[in-house]
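# Summary of structural features
Now for the letters of each chain:
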Amino acid sequence: MPGLQAFAKDVWIADGPNVRDFGVMFTTRMEVVKLSDGSLWVNSPVAVPFDTLQRMNQLGPVRYLVAATPRHVWRLEAWHTLFPEAELWAPRSTPFTLKKGHLPLTGILGDRPPQCWADNLDQLAFKGNPLIEEILFFQRESRTVILDDLIQIHPIVKGKPFRNALFKLAGVASPDGGVAHDIKMTFTNRKLARRSLERLLSWDFDRLIIAHGPCIEKDAKPFMREAFRWLERGAR
Ligand SMILES: [Fe+2]
């Protein structure tokens, strides 16, 4: 498993072990951003080898541990033990939250960044879906959007016909990927969702980190537009 990989200036990613969800294996990835005060902001942390933790310690103190979606809240637990001083932030709970947990949260992530990381990161809550409300982030300096689950690109794996067929049917198979058809159907308030999309597209970004699939290092905006074309259809 590769350790911490530099993605852009002051932005790193690290892939974790695969996890099983709905009977299917998913890859995991976390994102690390160095803020201008020198501290580290860690999104959706994963299990990493000791040398990755050592490398992070050299980069700066881990001050914020964030779960971008209600389904990633469980991931904060182990890291809270490792970094008890770090602030914990999670999105609001939804029926899709995997585990309520009893973590001492500093705050609930909303549609605007808290002051502590607002100099470096903007954020929005992608609304319109009562089951799951993911928080998307924008690191201004490297023009990178950080998105965990909403868009996925799953590679076709040799010898795994069931898994491949499932991802193809869901509309998230490589090379194009996209928003899974079942997730599209659960966006019951399209008007709210379009408003979130509009705000997302107003960010001046060129790179995109996703948690499930290859990240996009250039021209991420046209890719994003295409991935959300279904939402624009029928809009007035
Ligand atoms: Fe995920």
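In this report, the structure presented in the accompanying data block is examined. (Residues numbered from 1 in each chain as written. Predicted model: local features only at pLDDT ≥ 70, side-chain atom pairs only at ≥ 80, totals over all residues.)

Spatial strand order, 8-9-10-11: four strands in an open sheet with mixed pairing. Pairing within the sheet leaves two strands with one partner each, and these edge strands are strand 8 (121-125) and strand 11 (207-210). When strand polarity is set aside, the average angle formed by the axes of neighbouring strands in this sheet is 20°. (Pairing = 2+ DSSP bridges. Helix = DSSP H or I, 4+ residues; strand = E, 2+ residues; numbered from the N terminus. Axes fitted to C-alpha atoms, helices over the stretch in contact; angles between N-to-C directions.)

With that settled, the discussion passes to the sheet that holds strand 5 (residues 62-66). Read across the sheet, seven strands follow the order 1-2-3-4-5-6-7 without closing on themselves; strand pairing throughout is mixed. Strands with a single pairing partner mark the edges of an open sheet, and in this sheet they are strand 1 (5-8) and strand 7 (107-109). Taken over all neighbouring pairs, the strand axes of this sheet differ in orientation by 30° on average, direction set aside. Of the strand pairs in this sheet, strand 2 (residues 11-21) and strand 3 (residues 24-34) are connected by nine bridges, and their pairing is antiparallel. Looking at strand 3, one finds that Arg20 is bridged to Met25.

Note on placement: Arg75 falls in the loop between strand 5 and helix 2 (76-82). Classification of Arg75 by C-beta neighbours within 10 Å gives buried; the count is 26. Between the C-alpha atom of Arg75 and that of Ala47, which follows or precedes it by 28 residues, the distance is 8.6 Å. Setting aside residues no more than four positions away along its own chain, Arg75 makes contact with Ser44, Pro45, Val46 and Ala67. (Buried ≥ 20, exposed ≤ 12 C-beta atoms within 10 Å, placed from the backbone. Contact = placed C-beta atoms within 7 Å.)

Attention now goes to the pairing of strand 5. Counting buried residues along strand 5, four of its five residues qualify, which places the element largely inside the surrounding structure. Across four bridges, strand 4 (residues 40-43) lies against strand 5 in parallel orientation. Pairing of Leu40 across the sheet is with Val62, part of strand 5. The parallel pair strand 4 and strand 5 is bridged by helix 1 (residues 50-59), and the resulting crossover is right-handed. Chirality of the crossover, the property in question, places the unit of strand 5, helix 2 and strand 6 (residues 87-91) among those that are right-handed. (Right-handed = clockwise from strand over helix to strand, strands pointing away.)

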